[in-house]
Amino acid sequence: MTSLNSTALAVLLAFAPASAVIAQTTPANYVPPLATTPMNRIVQDNAYKQLDFFFQKLVAEKEAIVLDGASPFKSGDKFLPGKVAAGLGHVLLNTAKDDPALAQKLKDYRDIADMTVGMDNHTWGIYYYIGTLVKLKQAGLLERAISPATLEKLRKQLDWRTFVTPQWDLINLPTNYYGVAFSIARLRMMMGWEDDSAGKVLLEKMLTHYKKYSGKFGFSDETDGEGRFDRYSILLIAEICERFLETGLQPDAELKTLLRKAADIALNVANTAGDGFSFGRSLGPYGETALVEILSVSAYLDVLTPEEKQYAYAFSSRVAARYMDFWYDPSMHSLDMWGKGRRTDTYRGKHRILGENFSLLHQLLSTNETWNEAGFKDAQPKADLQAWLDKNRPKFSVTTFAIGDYDRALAIFRDGKHVVSLNMINGGASQHDNSPYYPLPFAPGIVSGVADAGATHAQLLPKFSMADGAQLIGAAWIKDIKTSSSGPRHTITYRQDELDKLGKRGPVKDARIKLHTTYTLEHGVMTRTDVYTPAGTQEVEKISLEFASFSDQATIKGNTVTFAQGDVTEYSVSGLQQCQSAPTNGGKDFQAPYGPMKTLVTCSSGKLSMKEPLTIKWTIKYQ
């Protein structure tokens, strides 16, 4: 009977829908069904079909369109008209000039442009729209795709001056928007709508900003010096190089040197599952396409070696394959960042479902085009990606983001198919208390943050509830980062002279307790040891430590939890009095960008008068 049952199971899995097969495997072991399919074929055979569906649906339903219960044009998505123009523009540009269907598509595009021209369209939406107009003009399709009256309205609307003052200051926007303004100015020049003078000024503004907030290490602080370094900090240099290329400029040697630093991080986190960045905000598929953006432009500009290009392309193909299988849900006719236990930032909530489909498909189409131009059109991806990564990328690497009053750095540990990313930064205003910005060893299926969740459940950081009602965690004020390796064991240490007092939009220093943290990373084991030292005697009501794990079927003995299913096999804690485990039951506070955590382990201590240093240690063992 055993052999019969196993055979039956194999047959069922062979014909099961992709989502069912995914459920049988852990994140690091996931293999996209199209993993060894050329990226161009994945895009041509899948992405354009998705765009065709949206095109037909928009023609039929117009501004009343409903997608999986959401009404995109009633959502207040201020980028949507530009994303619609870009997404449907790809369909026009991919249709052969002698295709009889092109005439009707152009008429439908013109009607949709007439419909959206009166709608709010800001910053990134302007950029998407005008970039599409330039491509339509270059293809000789502009006059047929856009009516003269609508084109005249767009000439006035699609302008960087809508968010830049006459004194060249941004209007209530982060400084990286100088890059968006620069791109729009250059694209307006290419449309014949203005000369190159504004583009030159905005280019200087963009590069000055980048140098000011990236310092000598070359990665851009997301804030004005608070120390937030995340996915976008690494991606931004690739975006700058892309903006140069699409507007007829060539990045200089200095920009290419900075791009190489970003490419090294991208290669160091590359993997066979097609997973992306595991820390910071706006993850899910955006954490994956960011890596493809970095690697594709690096290949095109010959920042990568010929061999690196081959394997960067193989990884990029897997990202595209993962999108079509894991993120895209055919029953919804949409990507899904909001169901199946997945959670994303409020910024990318389901009300933006149509725009998110268009922007992600645009990223896949654009990066595929870059790979094609780099010589990889329809190239067969290398099948030995894991072996190459094991041989050619460092097991342990450290990238410094900033050194000063506070240190900021990213440590990456490669352990077989697992990639562990320990990002030691300050989340700054609005993000300091959100777990994607905690200094944790993030790894898909092992440790994840939860988008916009706050610190109610402070993932893997001891939380001190003080007698005066204050709550403190060690999240923001990191100093003196040191790393070392001894054979297969890698050690990271840092200290915090102040803990982060929760409750405000930005981090608040609280010097009542100091913290010295030591991480050790080795094959199958990650350990964090915290030594908390009070200034004088401190009255503590409670210390709590929570771990939301993707593993389940938990059994607990003392302060050690053993899991029968999942990547994490054991979690143990010392320094706290008691631990308990319970299923999360799909709770919203325990949803990662790519799926639900299954078990919540909570450890705690009661009241104490803290006079001496207290050591709290946790260890995660995984397979």
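Structure first, text after, so check above.
Digging into the state of the cysteines
Then comes step 1: If you walk through the whole model with that rule in mind, you get one disulfide.
Then comes step 2: Covalent S-S linkage joins Cys579 and Cys603, the inter-sulfur distance amounting to 2.0 Å. An S-S torsion of about 110 degrees defines the bridge between Cys579 and Cys603 as right-handed. You can see Cys579 sitting in strand E19 (residues 578-583) and its partner Cys603 sitting in strand E22 (residues 599-605), a full 24 residues away along the chain.

Quick word on the packing of helix H3 (residues 39-61) against helix H15 (residues 353-376)
Then comes step 1: Packing of H3 against H15 brings their axes to within 10 Å, and their N-to-C directions diverge by 145 degrees. Judged by the twist between their axes, the crossing of H3 over H15 is left-handed. Facing H3, whose interface residues are Met39, Asn40, Val43, Ala47, Tyr48, Gln50, Leu51, Phe54 and Leu58, H15 presents Leu354, Asn357, Phe358, Leu361, Leu364, Leu365, Thr367, Asn368, Trp371 and Asn372.
Then comes step 2: When grouped by side-chain class, the residues that make up the contact of H3 with H15 number 13 nonpolar, six polar and no charged.

Let's talk about empty space enclosed by the protein
Then comes step 1: Summed over the entire model, instances satisfying the criterion amount to six cavities of 30 Å³ or more.
Then comes step 2: Its volume calculated, the largest cavity comes out at about 270 Å³.
Then comes step 3: Those elements that place two or more of their residues in the lining of the largest cavity are helix H13 (285-300) and helix H14 (306-327).
Then comes step 4: Partitioning the lining of the largest cavity into residue classes produces 15 nonpolar, nine polar and six charged.
Then comes step 5: There is about 130 Å³ of room inside the second largest cavity.
Then comes step 6: Lining the second largest cavity are 14 residues, and of these Val269, Asn271, Asp275, Val419 and Pro444 lie nearest its centre.
Then comes step 7: If one sorts the elements of the lining of the second largest cavity by residue count, strand E5 (residues 418-424) sits on top with three residues.
Then comes step 8: Tallied by class, residues from the lining of the second largest cavity come to seven nonpolar, five polar and two charged.

Cut-offs used in this document
- Residues numbered from 1 in each chain as written.
- Predicted model: local features only at pLDDT ≥ 70, side-chain atom pairs only at ≥ 80, totals over all residues.
- Heavy atoms only, no water.
- Disulfide = S-S within 2.5 Å.
- Helix = DSSP H or I, 4+ residues; strand = E, 2+ residues; numbered from the N terminus.
- Axes fitted to C-alpha atoms, helices over the stretch in contact; angles between N-to-C directions.
- Left-handed = near helix turned anticlockwise from the far one by under 90°.
- Contact = heavy atoms within 4.5 Å.
- Nonpolar A, V, L, I, M, F, W, Y, C, P; charged D, E, K, R; others polar.
- 1 Å grid on protein atoms, 1.4 Å probe; cavity = no way out; pocket = protein on both sides within 12 Å on 5 of 7 lines; lining within 4 Å.
- Points joined across faces, edges and corners; volume = space filled by probe spheres on them.

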